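Chain and residue survey
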Amino acid sequence: HVLSNAHSYKFPAMMLDNSLEPPAVARIFERINKTGMRLSIFDLLVARSYRDDWNLPEVWLEGRDEEPILKKFLGEDGLVVVQALALSTVGDVRRPALLKIDAETIKREWAQYNSATLEACNFFARLGCRDSDWLPYATQLVPLAALAAEHDLSANALLFEAWLWGTSFTGRYNVA
């Protein structure tokens with residue numbers, strides 16, 4: 001009696017023309033899903049950046065699986081990599097700024113910022129942080145990853161350690 005309802009349930013669907021470009025499909029996807037279950041920013045960026053020859057979740061999972069420390073610090077979500085990119089390019093990591101980053105920029109800069117995020121995770125690990133739960137503030141990973149994209153963290157370790165402890169003990173990351 002209960003399962004028979006599944007056979008007669010009409011699922012809402014939208015048929016799209018095959019000739020639509022991925023950015024147009026992404027805009028439709030975003031509009032439809034804004035009224036339903038709220039998507040994460042990473043989900044929206046996945047839709048926006050999808051190309052036949054490049055898939056954000058695939059490159060994220062591949063890089064994360066090659067470097068276990070990324071999984072320890074970031075788990076399933078590669079948003080920190082995009083936030084570091086946004087901080088360097090747009091100067092902002094809030095949702096509207098992240099959604100302004102175009103697909104080509106994400107594709108072009110992904111490897112550099114993924115490596116920079118890895119370097120930031122390794123920097124924290126050298127200081128004794130086993131994973132993101134050990135960080136004074138998890139949001140400190142984003143600016144450090146952005147800095148790692150431009151600077152050698154180990155060459156400037158004392159400066160970056162002073163920044164880390166200074167912001168931690170003063171509570172500068174205690175508020176948004």
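Going by the structure above, here's the rest.
Residues numbered from 1 in each chain as written. Predicted model: local features only at pLDDT ≥ 70, side-chain atom pairs only at ≥ 80, totals over all residues. Heavy atoms only, no water.

Formed by 45 residues in total, the largest nonpolar core has its most connected members in L45, L56, F73, I106, W110, F124 and L141. Contributions of two or more residues to this core are made by α3 (41-49), α4 (56-66), α5 (68-74), α6 (79-89), α7 (95-100), α8 (103-126), α9 (141-150) and α10 (157-170). Examining the composition of this core, we find that 9 residues originate from one element, α8, more than from any other. Setting aside residues up to four positions removed in sequence, L141 forms contacts with F73, L74, V80, A120, C121, F124 and L135. (Core = buried A, V, L, I, M, F, W, Y, C linked by side-chain atoms within 4.5 Å. Buried < 20%, exposed > 50% of the residue type's maximum accessible area, 1.4 Å probe, protein only. Helix = DSSP H or I, 4+ residues; strand = E, 2+ residues; numbered from the N terminus. Contact = heavy atoms within 4.5 Å.)

Further remarks concern the packing of α8 against α9. Contact pair α8 / α9: the axes reach a minimum separation of 8 Å and the direction vectors enclose 120°. In this structure, α8 crosses over α9, and the sense of that crossing is right-handed. Between α8 and α9, the contacting residues are Q112, Y113, A116, T117, E119, A120, C121, F123 and F124 on the first element and L141, L144, A145, A146, A148, A149 and E150 on the second. The class makeup of the residues in the contact of α8 with α9 is 12 nonpolar, 2 polar and 2 charged. (Axes fitted to C-alpha atoms, helices over the stretch in contact; angles between N-to-C directions. Left-handed = near helix turned anticlockwise from the far one by under 90°. Nonpolar A, V, L, I, M, F, W, Y, C, P; charged D, E, K, R; others polar.)

Our focus in this paragraph is α3. With respect to burial, α3 is a largely interior element, 7 of its 9 residues being buried. All of the buried residues in α3 are I41, F42, L44, L45, V46, A47 and S49.

On to the packing of aromatic side chains, then. Any pair of aromatic rings gets described here by the distance separating the centres and the angle formed by the planes. Inspection of every chain in the model, using the stated rule, returns 3 aromatic pairs. For the pair W60 and W110, a centre-to-centre distance of 6.4 Å together with 85° between the ring planes defines the contact as edge-to-face. One end of the pair, W60, is in helix α4; the other, W110, is in helix α8, with 50 residues separating them in the sequence. Across the pair, W110 and W60 agree in class, each one buried. Ring centres 5.9 Å apart and planes at 25° place the aromatic pair W165 and F169 in the stacked group. Here F169 and W165 lie together in helix α10, a separation of 4 residues that amounts to about one turn. (Phe/Tyr/Trp six-rings, centres within 6.5 Å; stacked < 30°, edge-to-face > 60°.)

Let us now look at the packing of α3 against α4. Between α3 and α4, the shortest axis-to-axis distance is 8 Å and the interhelical angle comes to 120°. The angle between α3 and α4 places the two elements in the oblique class. Mapping the contact onto sequence places F42, L45, V46 and S49 in α3 and L56, P57 and W60 in α4. Of the residues assigned to the contact of α3 with α4, the class counts are 6 nonpolar, 1 polar and no charged. (Parallel < 35°, antiparallel > 145°, perpendicular 65-115°, else oblique.)

Turning our eyes to something else, we now look at a negative patch on the surface. A surface patch of negative charge is lined by E58, E62, E66 and E67. Mapped onto the secondary structure, E58 falls in helix α4. (Patch = residues over 30% accessible without salt bridge, like charges linked within 9 Å, V, L, I, M, F, W, Y side chains within 5 Å. Areas by Shrake-Rupley, 256 points an atom, 1.4 Å probe, with all protein chains shown as cover. Salt bridge = Lys/Arg side-chain N within 4 Å of Asp/Glu carboxyl O. Lys, Arg positive; Asp, Glu negative; His and termini not counted. Charge placed at Lys NZ, Arg CZ, Asp CG, Glu CD.)

A cluster of nonpolar residues, M14, L16, L20 and V25, forms a patch on the protein surface that exposes about 310 Å² of accessible area. Structurally, the position occupied by L20 is in the loop between α1 (4-8) and α2 (22-34). What makes L20 partly exposed here is its relative accessible area of 33%.

The next point concerns the pattern of salt bridges. Enumeration over the complete set of coordinates arrives at 6 salt bridges. Between D65 and R64 there is a salt bridge; the shortest N-O distance is 2.9 Å. By relative accessible area, R64 is classed as buried at 6%. Through salt bridges with shared partners, one network takes in R64, D65 and E76.

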